[in-house]
Amino acid sequence: MKLLKKIIKLVLPRPIVEKYRELRKLFEPVSTSFPVVQIYLNDDEFTSVAAFNNYLSVLAPKIKSDGFLEVEIYDLNGSSILKKNIKINSQETIFLNLKTELSLINGKSPMGLIAMQFIPRKLRSSNLKELGLLSAHFFMMYSKQSDKGFSVIHPSSTLDPASEESFNFRSNQLVSTDGLSSVVLFQANPSLEMLHTYVRLVTPNDNALMLVRKIEVPPRGVTRVDLSVEDLPEGRQTPPFLRLVVDKLPTSNSKPMLCRVYKDGRFSMSHS
Amino acid sequence: MVLSKIDDYAVKAIHVFQVRTLRSLGFETRVALSNKSDNKEGLRTDYQINLSVYSGDGKEIKEHQNIAYLAASNILEIDCEHWADEKIDQVLIFHLVPVEYVQAGSIKLDEVSIERSKIWGLFTAQDHYVEYYKPDGFSSGVLYQSGAFNYKKFSMEETTIIQAPKIVVGDGVDTLVSLLHTSFERNYYRDAKLRCSLISPDGRVVSSWNEVIKPGTCRLISMRDQIGVKGIQIELKNKYLTLIAVCENAALLPLIFVVNDKQNTLAVEHSLPPLYYGQNITGRVRANVISQLSKSKIFKD
């Protein structure tokens, strides 16, 4: 095939080769990133809603941007448990309630990954191609069944198998210990390799170790880590602030979600 | 490698973190500033922290020099309550000034010649954290980066697109859209004009309106009120909506706050810029997108 291409290039006049390239470009589909992923929580405590708006109707409003949202849901061990395609018209938004979706397959999955990819019907539209590599970003909304809090967090990973692991992640958040009961971490592994790592809570700048846990997360899986304030070292004052450090992240930006749980049961959560 | 130098660049605009306070919702504010300049080759620096505090109407700025020192690879907590007004919401800008531009606690020269790659390198080395807290300890925050918006030497992009499929309104629950409007130009008096639309899941425009945001100010727009204006009943069950907004004449900093009045909880999230969705949406492509969007039926009530 390569040889044939070389021969055609040598034999055909340059203007024709260029015209051929133009035509080929015209028939190429839009380029899309690997599916965007985020953690869902679906246990006795938390519920999740995934929200995806047809972003192409905002960024290319001149064209009809209907298409299909491809959704894949994995359980905490990384097994794919649900795949579905949802038709979306221009300007529409899908608010996908995970509890409802998983009850349809009778699946009790307390947490896992949800992956989304949007495939527009007008795959070869020059308006869409002009936007460059497209990524189907969405938001996840988390709430406690007891109404003790609500969080909205955007995904920060895709299922790109080439995304490289990263080391010595230090969160740019500081966690105040005032009124705090525990820090709960949700670590996803969007890669295809098993993740073995340590998560640590340290003091902000002198890095004194306060708590450490070894975790293992299967490929495409999710793990929860509970770090209770009660387990902080005895015999020293509780530091006013803590910082999260993770020895290794499975992909370049797959930092854990950090949930602050307060003594009265309220919570707040964000990416770390 | 071709180095692109910018002349007469404002030192206070080299690396900034812009936040708002949230007294109107009963929350106090603090930030965590990080310095990961040591992750960028040749850019390791310590910072002197200066702070600009805007009055509620944005017309006056109180400058505080050298409020803190942030060494390379360190992180620093600053409680904004030491500097902000107790009664009103204000814009605060933290200026992270590389120490090479500082002498005895003051900036040596207001403007310097600096490599574009250095500004970009320091800006992208880390995000910073703002959180809103209650006296009982509850806090909620978000990490983001905010450059020297509406300063042509930092960026020519002086427009805003907001896509927020995260509007929740229900019994005791409201979503508030926060907008900050600042500039680092010497004479900047432009009001930002923002066109907004709330869209139902099936794509219908529920409400469409315009906002004007004065420079140096922050706004907080209740989506519950916006729906109420249209006479739509707020139900017990949460209603989910999408906010789409466009500003053709200023770069704004949007944040979304979801509040639960009954439980005294708060969620904070930033918006995703268009580059997250389409990798080419910058320069001419971005200008095209803005032009098409502002004329689209999304903003027709």
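Here the structure is a predicted model, which means the values were calculated and not measured.

### Observations regarding the overall build of chain B
Assigned secondary structure in chain B consists of three helices and 20 strands. Taken against the 2.2 N^0.38 rule, which gives 19 Å for 301 residues, the C-alpha radius of gyration of chain B at 20 Å falls within 12% of a compact globule. The principal-axis extent of the C-alpha atoms belonging to chain B is close to 60 × 50 × 35 Å. For chain B, with 301 residues in total, the buried portion stands at 60%. Once local pairs closer than 6 in sequence are excluded, the contacts in chain B between residues at least 24 apart make up 76%. For chain B, the accessible surface area stands at approximately 12,400 Å², while carbon and sulfur atoms represent 48% of it. The positive charge centre, built from 35 side chains, and the negative charge centre, built from 36, are 6 Å apart in chain B.

### Considerations on the pairing of strand 14 (residues 209-217) of chain A
Looking at chain direction, strand 13 (residues 195-202) of chain A and strand 14 of chain A are connected through eight bridges and run antiparallel. Residue pairing in the sheet places A:Leu195 in a bridge with A:Val217 of strand 14 of chain A.

### Focus: a nonpolar patch on the surface
On the surface, a cluster of nonpolar side chains totalling about 460 Å² of accessible area is made up of A:Leu3, A:Ile7, A:Leu10 and A:Val11. In this fold, A:Val11 is placed in helix 1 (residues 2-11).

### Quick look at the interface of chain B and chain A
Each partner contributes residues to the interface: chain B has 64 residues there, and chain A has 55 residues. With both chains or domains summed, chain B and chain A bury close to 5,100 Å², and 55% of this area falls on carbon and sulfur atoms. Counting across the chain B and chain A interface gives three salt bridges. One salt bridge connects A:Arg266 with B:Asp136, and the closest N-O pair in it is separated by 2.5 Å. In this structure, the connection of chain B to chain A is made through 25 residue pairs in polar contact (both at pLDDT 80 or more). Here the residues of the side of chain B that touches chain A sort into 29 nonpolar, 24 polar and 11 charged.

### Considering the pattern of salt bridges
Residue and element names in this part refer to chain A. Tallying each qualifying case throughout the model produces 29 salt bridges over all chains. Arginine 200 serves as the salt-bridge partner of aspartate 247, at 2.8 Å between the closest nitrogen and oxygen. Taken together, the residues span a long stretch of sequence, with aspartate 247 in strand 16 (residues 241-249) and arginine 200 in strand 13 at a distance of 47 residues. Residue class for aspartate 247 comes out partly exposed when judged on its relative accessible area of 25%. Since its relative accessible area comes to 23%, arginine 200 is described here as partly exposed.

### Considering a positive patch on the surface
All names here are of chain A. A cluster of basic residues, Lys2, Lys5, Lys6, Lys9, Arg21 and Arg24, forms a positive patch on the protein surface. Of all the secondary-structure elements, those providing two or more residues to the positive patch are helix 1 and helix 2 (14-27). A per-element tally of the positive patch places helix 1 first, with four residues. Arginine 24 sits in the partly exposed class, given a relative accessible area of 38%.

### Examining the sheet that holds strand 17 (residues 217-222) of chain B
All names here are of chain B. One open sheet accounts for four strands, arranged 17-14-19-20; its pairing is antiparallel. One side of each edge strand has no neighbouring strand; the edge strands of this open sheet are strand 17 and strand 20 (265-270). On average, each strand axis in the sheet is tilted by 20° relative to the strand beside it, whichever way the strands run. Where strand 14 (residues 173-181) meets strand 19 (residues 253-260), eight bridges bridge the pair, whose relative direction is antiparallel. Considered in strand 19, the bridge of threonine 175 is made with valine 258.

So, how was this worked out
- Residues numbered from 1 in each chain as written.
- Chains lettered and ligands numbered in written order.
- Predicted model: local features only at pLDDT ≥ 70, side-chain atom pairs only at ≥ 80, totals over all residues.
- Heavy atoms only, no water.
- Helix = DSSP H or I, 4+ residues; strand = E, 2+ residues; numbered from the N terminus.
- Rg over C-alpha atoms; globule rule 2.2 N^0.38 Å.
- Buried < 20%, exposed > 50% of the residue type's maximum accessible area, 1.4 Å probe, protein only.
- Contact = heavy atoms within 4.5 Å.
- Areas by Shrake-Rupley, 256 points an atom, 1.4 Å probe, with all protein chains shown as cover.
- Lys, Arg positive; Asp, Glu negative; His and termini not counted.
- Charge placed at Lys NZ, Arg CZ, Asp CG, Glu CD.
- Pairing = 2+ DSSP bridges.
- Patch = residues over 30% accessible without salt bridge, like charges linked within 9 Å, V, L, I, M, F, W, Y side chains within 5 Å.
- Salt bridge = Lys/Arg side-chain N within 4 Å of Asp/Glu carboxyl O.
- Buried area = accessible area lost by both parts, 1.4 Å probe.
- Polar contact = N/O pair within 3.5 Å; in protein donor to acceptor, adjacent residues only side chain to side chain.
- Nonpolar A, V, L, I, M, F, W, Y, C, P; charged D, E, K, R; others polar.
- Axes fitted to C-alpha atoms, helices over the stretch in contact; angles between N-to-C directions.

These results come straight from atomic positions and should not be treated as a statement about function.
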